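Single-letter residue listing:
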Amino acid sequence: MSVTSAQPRTPSTEPQSRALRIAFRGLTAIEKAGNRLPNPFWLFWILAGIVAVLSAVLSATGLSALHPGTHETIRVQNLLSRDGLTMAVEGAVDNYAAFPPLATILTVMFGIAVAEKSGLFSALLRRMVARVPGRYLTFALSMTAMVSHVAGDAAYVTLIPLGALVFRAAGRSPVLGCVVAYVSIAAGYDASPSLTTTDVLLSGISTAAAHTIDTHYVVTPVANYFFGLGSSVLVALVITLVVDRVLARRSDLDPDEPVAAPDAQELAEIEVTDRQRRALRTTGLVAVGFLAFLAAAMIPSSSPLRGEGGGIVNSPLIGGMALVLGVFFAVLGTVYGRMTGTFTAARDSIGAMADGTRSMAPILVLFFAIAQFLAYFKWTNIGDILAVKGAETLRDLHLNGWTVLVGIAVLITFMNLVITSGSALWALAAPVLVPMLMLIGIEPETTQAVYRVADSVTNCITPMSPYFVMALGFIQQYRKSAGIGTLASFTLPIAAVVWVVWVAFFVAWYLLGIPLGIG
């Protein structure tokens, strides 16, 4: 391995492009405004207070709408009335317990925690980028990031430094390696070739929102799987093209000081050992066997895993996808852990589940506030009336479905610059968007899919994201003077191109009538 020969230079955080300078000033304004916002936990309580006051005002004005399904008159209920306060106090525990994503996300996380603690995810990610030919390295790293979405936020911690290391080993800029890994995880967060906790989380919120119009409607975790699979490859290709054709030609990619090729110890961090390699092969065979068993069990029309009338979409297997995913990852993690020695007894798997639950504590706290807000919003009927009035307005405007969806993509894109939590933002938007679009003939799965596109792309450019700061910290190991402008000058061009291509890809998918997933 050769040593980088470039001379040290002081990197500039101020771009030459006037457009980028304007964009950075906008990001700085967003950062300042966002920093003034309270923690999301308190933000949802503030929103709950606004709903309460708004319900009292709208109730007094007699605002109402005609439900298009039941033809009943919907009126705003005053949350500050005796009935409203009784509901808020007596129903607090039930509101939390009935919050759709709560139990499902915990069930999946039990299994994912086992797989992560065993070292399976780390070994798999390292295996995917080790010994990849240089010309394919960017795509391999980006596609690995798409796979890493199954590990949730842990992907950032594992893959960003790994990206820098594999780029160094290939004689390329470690700064660019950090950027590729970070952008691929963040901008493509809702694109994955496998099911993730996000699928379970968002589908639960979408189902609850759809019940405003149809109490029997169910959005399954696999409702966007086909689109997510195609999107993962598309986004990885787009990132690869922008990085290799444009960003790789920048003159400011070198670190502050010449960086030597990785030494033996650093290379060992990339490579997987023979024992880990054997464990990965065995774990892969177990995964194939697990999936084959489920497929075989679904073949007989009389299978107990099939739904009423032999259906697959309404089957216990699809309805219980959270449990299936949890068991799947728990089995794989246990097999890998026992073969590599990271797990030596059955209690190690239990300990991993406990650790995973502890890591979920901040989300569980946030869920309590979200659950109360959604319960208040639903009880007041404000969301229902907004959905009906909004649908009537859209019908009067005679807009095409794809036009409405692109407009929603634009709206969510800007909202995501400030509210970076995907679950929190969907919990805020779904109660209005899902029923409103159902009333003009757009299915919840479609609304959820366009939300996922818009919610993902701007993750890599907003300084409100904690992982933006994390990525910047990794870059500063090589360029100490790097700042927000430095990272944004890399991520902005990628995000802009990905947004345009991905939204166009969604519109084409929608117009061609290709199923978004199963169900």
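Predicted model, so just to flag it, every value in this text is computed and none were measured.

Caption draft 1: The arrangement of the overall build of the chain in detail. Within the chain one finds 23 helices and two strands. Taking the contacts inside the chain whose residues are at least 6 apart along the sequence as the reference set, 80% of them involve residues at least 24 apart. Counting only carbon and sulfur atoms, one obtains 64% of the accessible surface of the chain, whose full area is about 22900 Å².

Caption draft 2: Structural detail: the packing of helix 2 (residues 40-61) against helix 17 (residues 361-380). Where helix 2 meets helix 17, the closest approach of the two axes is 8 Å, and the angle between their N-to-C directions is 15°. In terms of orientation, helix 2 and helix 17 fall into the roughly parallel class. Remark: the crossing between helix 2 and helix 17 carries left-handed chirality. Residues Pro40, Phe41, Phe44, Trp45, Leu47, Ala48, Val51 and Ser55 of helix 2 lie in contact with helix 17, whose contacting residues are Val365, Leu366, Phe368, Ala369, Ile370, Gln372, Phe373, Tyr376, Phe377 and Thr380.

Caption draft 3: View of a positive patch on the surface. On the surface, Arg127, Arg275, Arg278 and Arg281 cluster together into a patch of positive charge. The leading source of residues in the positive patch is helix 13 (residues 274-298), at three residues. In this fold, Arg281 is placed in helix 13.

Caption draft 4: Seen up close, the pattern of salt bridges. In total, this model carries five salt bridges according to the counting rule given. With a shortest N-O distance of 3.0 Å, Arg452 and Asp199 are connected by a salt bridge. A residue pair is termed long-range when its members are at least 10 positions apart, and Arg452 in helix 21 (residues 444-457) and Asp199 in helix 10 (residues 197-210) qualify at 253 residues. Classification of Arg452 by relative accessible area gives buried; the value is 7%. Among the ionic pairs, Asp274 bridges to Arg277, the shortest N-O distance being 2.7 Å.

Caption draft 5: Molecular detail of the side chain of His149. You can see His149 is positioned in the loop between helix 7 (137-148) and helix 8 (154-169). Residue His149 is classed as buried on the basis of its relative accessible area, which comes to 2%. Reaching out from His149, the side chain makes a polar contact with the backbone oxygen of Met146 at a distance of 3.2 Å. Side-chain polar atoms of His149 contact the backbone oxygen of Ile185, separated by 3.0 Å. Every residue in contact with His149, bar those within four places of it in the chain, is listed here: Ser184, Ile185, Gly188, Tyr189, Ala191, Ser192 and Thr196.

Caption draft 6: Inspection of the confidence of the model for the chain at higher detail. The share of residues in the chain with pLDDT of 70 or more is 88%, and the mean pLDDT across the chain is 83. Per-residue pLDDT, averaged within each element of the chain, yields its smallest value for helix 1 (residues 18-36) (59) and its largest for helix 11 (residues 225-245) (94). Predicted confidence is poor over residues 1-13, with pLDDT under 50, and the contacts of this stretch with residues over four places away or in other chains come to 29 contacts.

Caption draft 7: Geometry of unusual backbone geometry. One non-glycine residue, Asn381, lies in the positive phi region at around 70°. Counting through the fold element by element, Asn381 comes out in the loop between helix 17 and helix 18 (382-397). According to the relative accessible area criterion, Asn381 is buried, its value standing at 16%. Here the phi dihedral of His398 falls at roughly 55°; this positive angle occurs in a residue that is not glycine. If you trace the backbone, His398 turns up in the loop between helix 18 and helix 19 (401-416).

Caption draft 8: Quick peek at a nonpolar patch on the surface. Taken together, the side chains of Val53, Val57, Leu80 and Leu85 present a nonpolar region at the surface, about 350 Å² in accessible area. Mapped onto the elements, Leu80 comes out in the loop between strand 2 (73-75) and helix 3 (82-90). Leu80 sits in the partly exposed class, given a relative accessible area of 45%.

Caption draft 9: Layout of the packing of helix 19 against helix 23 (residues 484-512). Relative orientation of the contacting elements helix 19 and helix 23 amounts to 150°, with a least axis distance of 10 Å. Judged by the angle between their axes, helix 19 and helix 23 are roughly antiparallel. Crossing geometry of helix 19 relative to helix 23 is assigned as right-handed. Contact residues: helix 19 offers Gly401, Trp402, Leu405, Val406, Ala409, Val410 and Thr413, while helix 23 offers Trp499, Val503, Phe506, Val507, Tyr510 and Leu511. Its residues placed into classes, the contact of helix 19 with helix 23 shows 11 nonpolar, two polar and no charged.

Caption draft 10: Summary view of the side chain of Asn95. With respect to the element layout, Asn95 can be found in helix 4 (residues 92-97). Of the polar contacts made by the side chain of Asn95, one reaches the side chain of Gln372; its length is 3.1 Å. Once residues within four sequence positions are removed from consideration, Asn95 is found in contact with Met87, Ala371, Gln372, Ala375 and Tyr376.

Caption draft 11: Expanded view of the nonpolar core. Residues Tyr182, Ile370, Ile494 and Trp502 are the most contacted members of the largest nonpolar core, which totals 157 residues. Non-local contacts of Ile370, meaning those with residues more than four positions away in its chain, are made with Phe44, Phe99, Ala424 and Ala427.

Rules and cut-offs
Throughout, a residue's number is its position along its own chain's written sequence, starting from 1. Thresholds applied to this predicted model are a pLDDT of at least 70 for local features of residues and 80 or more for the giving and counting of side-chain atom pairs; totals over whole chains, interfaces and linings are not thresholded and use all residues. Note: side-chain values were computed over all heavy atoms of the structure, leaving out hydrogens and water. Secondary structure counts use DSSP, requiring at least four H or I residues in a row for a helix and at least two E residues in a row for a strand, with both numbered from the N terminus. Any two residues whose heavy atoms approach within 4.5 Å are treated as being in contact. Only the protein chains shown count as cover for residues, and all accessible areas are computed by the Shrake-Rupley method using a 1.4 Å probe. Helix axes use the C-alpha atoms of the stretch in contact, all axes being lines fitted to C-alpha atoms, and the angles between their N-to-C directions lie in the range 0 to 180 degrees. Reported orientations rely on four angle classes, namely roughly parallel under 35 degrees, roughly antiparallel over 145, roughly perpendicular from 65 to 115, and oblique for the rest. We call a crossing left-handed when the near helix sits turned anticlockwise from the far one by less than a right angle, and right-handed when that turn is clockwise. Distance thresholds for patches are 9 Å for like charges and 5 Å for nonpolar side chains (Val, Leu, Ile, Met, Phe, Trp, Tyr), applied to residues having over 30% relative accessible area and no salt bridge. Take a side-chain nitrogen of Lys or Arg and a carboxyl oxygen of Asp or Glu: if they are within 4 Å of each other, that pair is a salt bridge. Charge counting follows a simple rule: Lys and Arg are positive, Asp and Glu are negative, and His as well as the terminal groups are ignored. The atom standing in for a charge is NZ when the residue is Lys, CZ when it is Arg, CG when it is Asp and CD when it is Glu. Exposure categories follow from relative accessible area, calculated using a 1.4 Å probe and restricted to protein chains: below 20% of the type maximum is buried, above 50% is exposed, and the middle band is partly exposed. Think of a polar contact as two N or O atoms within 3.5 Å of one another; within protein, one of them needs to be a possible hydrogen donor and the other a possible acceptor, and neighboring residues in sequence only count if both atoms come from side chains. The pLDDT value tells you how sure the predictor is about a given residue, anywhere from 0 up to 100. Amino acid classes used here: Ala, Val, Leu, Ile, Met, Phe, Trp, Tyr, Cys and Pro are nonpolar; Asp, Glu, Lys and Arg are charged; the rest, including Gly, are polar. To define a nonpolar core, start from buried Ala, Val, Leu, Ile, Met, Phe, Trp, Tyr and Cys residues and group those joined through side-chain atoms within 4.5 Å.

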